[in-house]
Amino acid sequence: SQQGEEDPQALSIQEGENATMNCSYKTSINNLQWYRQNSGRGLVHLILIRSNEREKHSGRLRVTLDTSKKSSSLLITASRAADTASYFCATDASGSARQLTFGSGTQLTVLP
Amino acid sequence: DGGITQSPKYLFRKEGQNVTLSCEQNLNHDAMYWYRQDPGQGLRLIYYSQIVNDFQKGDIAEGYSVSREKKESFPLTVTSAQKNPTAFYLCASSIGVGDTQYFGPGTRLTVL
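Right, let's walk through the structure included here. (Residues numbered from 1 in each chain as written. Chains lettered and ligands numbered in written order. Predicted model: local features only at pLDDT ≥ 70, side-chain atom pairs only at ≥ 80, totals over all residues. Heavy atoms only, no water.)

**Here we look at the sheet that holds strand β3 (residues 19-25) of chain B**
All names here are of chain B.
Okay, step 1: Pairing within the open sheet is antiparallel, and its four strands lie in the order β1-β3-β8-β7. Strand pairing shows two members of the sheet lacking a second neighbour, β1 (4-7) and β7 (64-66), which therefore form its edges. The average angle at which neighbouring strand axes cross in this sheet is 20°, direction not considered. (Pairing = 2+ DSSP bridges. Helix = DSSP H or I, 4+ residues; strand = E, 2+ residues; numbered from the N terminus. Axes fitted to C-alpha atoms, helices over the stretch in contact; angles between N-to-C directions.)

See below:
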């Protein structure tokens, strides 16, 4: 079952621009995580935001969480060609066995 | 050099054959996971294990089997009962279920 759904499915921007990806989910969560996947590789954890947090920063990444709307956004500022990858949100649902449920991802392409 | 490894990177098998994918971690993590990823899709959970000698079915366990005899190892067997086994298989581990997951590089299985 798909808990998180990313939007848009694909995003293409110029180097230096900001990229924003959104994630919506269905049930209450303990935390929400963002992962990155380069083509044909494993996923790499980027950032975790807990249900009682509203915003978190890590380098050029900014994540927001709105639990009333059951949504999160990932902002990558001053994008680089090396940011080209797929980005997935993953939710840890409250009261469940606590395994993560991943969305279908946003494919980001940063053009040089 | 700590991490999680999967082997082989590419695997080919004939229809009707069972095949076992290896996953090893030296991160001292209790929890381990197997996911399946189809082209352009997110991750779907096959099996997970919270601790040695214990494992639970995920969303798509049919046609797969696992074992967890050692903390470091969580092999996945794709049996002939799996109707459409061609996919990218990712193994992950975490300190506990719901925590940040660390992924291996993946195994691409092709059934000929």
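Additional details are given in the paragraphs that follow.
**Comments concerning the interface of chain A and chain B**
Okay, step 1: The interface of chain A with chain B comprises 20 residues on the first partner and 20 residues on the second.
Okay, step 2: Summed over both sides, the interface of chain A with chain B buries roughly 1,500 Å², with 51% coming from carbon and sulfur.
Okay, step 3: Where chain A meets chain B, there are zero salt bridges.
Okay, step 4: Where chain A meets chain B, there are two residue pairs in polar contact (both at pLDDT 80 or more).
Okay, step 5: At the level of secondary structure, the elements contributing two or more residues to the side of chain A that touches chain B comprise β4 (29-37), β5 (43-50), β9 (85-93) and β10 (100-102) of chain A.
Okay, step 6: The element contributing the most residues to the side of chain A that touches chain B is β4(A), with four residues.
Okay, step 7: Its residues assigned to classes, the side of chain A that touches chain B shows seven nonpolar, 10 polar and three charged. (Contact = heavy atoms within 4.5 Å. Buried area = accessible area lost by both parts, 1.4 Å probe. Salt bridge = Lys/Arg side-chain N within 4 Å of Asp/Glu carboxyl O. Polar contact = N/O pair within 3.5 Å; in protein donor to acceptor, adjacent residues only side chain to side chain. Nonpolar A, V, L, I, M, F, W, Y, C, P; charged D, E, K, R; others polar.)

**Comments concerning the pattern of salt bridges**
Okay, step 1: Applying the stated criterion across every chain yields a total of seven salt bridges over all chains.
Okay, step 2: The closest approach of N and O atoms between D83(A) and R60(A), which form a salt bridge, is 2.9 Å. Linking D83(A) in the loop between β8 (71-76) and β9 with R60(A) in the loop between β6 (55-58) and β7 (61-66), this pair joins segments that are 23 residues apart in sequence.
Okay, step 3: The exposure class assigned to D83(A) is buried, which follows from its relative accessible area of 7%.
Okay, step 4: As a salt-bridge pair, R44(B) and D38(B) come within 2.8 Å of each other at their nearest N and O atoms.
Okay, step 5: Using a relative accessible area of 15% as the deciding quantity, one classes D38(B) as buried. (Buried < 20%, exposed > 50% of the residue type's maximum accessible area, 1.4 Å probe, protein only.)

**Structural notes on the state of the cysteines**
Okay, step 1: Evaluated as defined, the whole model comprises two disulfides over all chains.
Okay, step 2: Here C23(A) connects covalently by a disulfide to C89(A), the sulfurs 2.0 Å from one another. Linking C23(A) and C89(A), the disulfide has an S-S dihedral of approximately 65° and is accordingly described as right-handed. On the criterion of sequence distance, the pair formed by C23(A) in strand β3 (residues 19-24) and C89(A) in strand β9 is long-range, its members being 66 residues apart. With respect to burial, C23(A) and C89(A) carry one shared label: buried.
Okay, step 3: A sulfur-sulfur distance of 1.9 Å marks the disulfide that ties C23(B) to C91(B). Between C23(B) and C91(B), the S-S dihedral sits near -75°, and the bridge is therefore left-handed. You can see C23(B) sitting in strand β3 and its partner C91(B) sitting in strand β9 (residues 87-94), a full 68 residues away along the chain. Here C23(B) matches C91(B) in class, with each residue buried. (Disulfide = S-S within 2.5 Å.)

**Some words on the environment of Q14(A)**
All names here are of chain A.
Okay, step 1: Secondary-structure assignment places Q14 in strand β2 (residues 10-14).
Okay, step 2: Separated by 32 residues in the primary sequence, Q14 and L46 have C-alpha atoms spaced 22 Å apart.
Okay, step 3: Apart from the residues within four sequence positions on either side, Q14 is in contact with S79, V110, L111 and P112.

**What to know about the side chain of R36(A)**
Residues and elements named next belong to chain A.
Okay, step 1: Inspection of the secondary structure assignment puts R36 in strand β4.
Okay, step 2: There is a polar contact of 2.9 Å between the side chain of R36 and the side chain of N38.
Okay, step 3: Setting aside its immediate chain neighbours within four residues, R36 contacts G42, L43, V44, L46, A82, D83, T84, A85, S86 and Y87.

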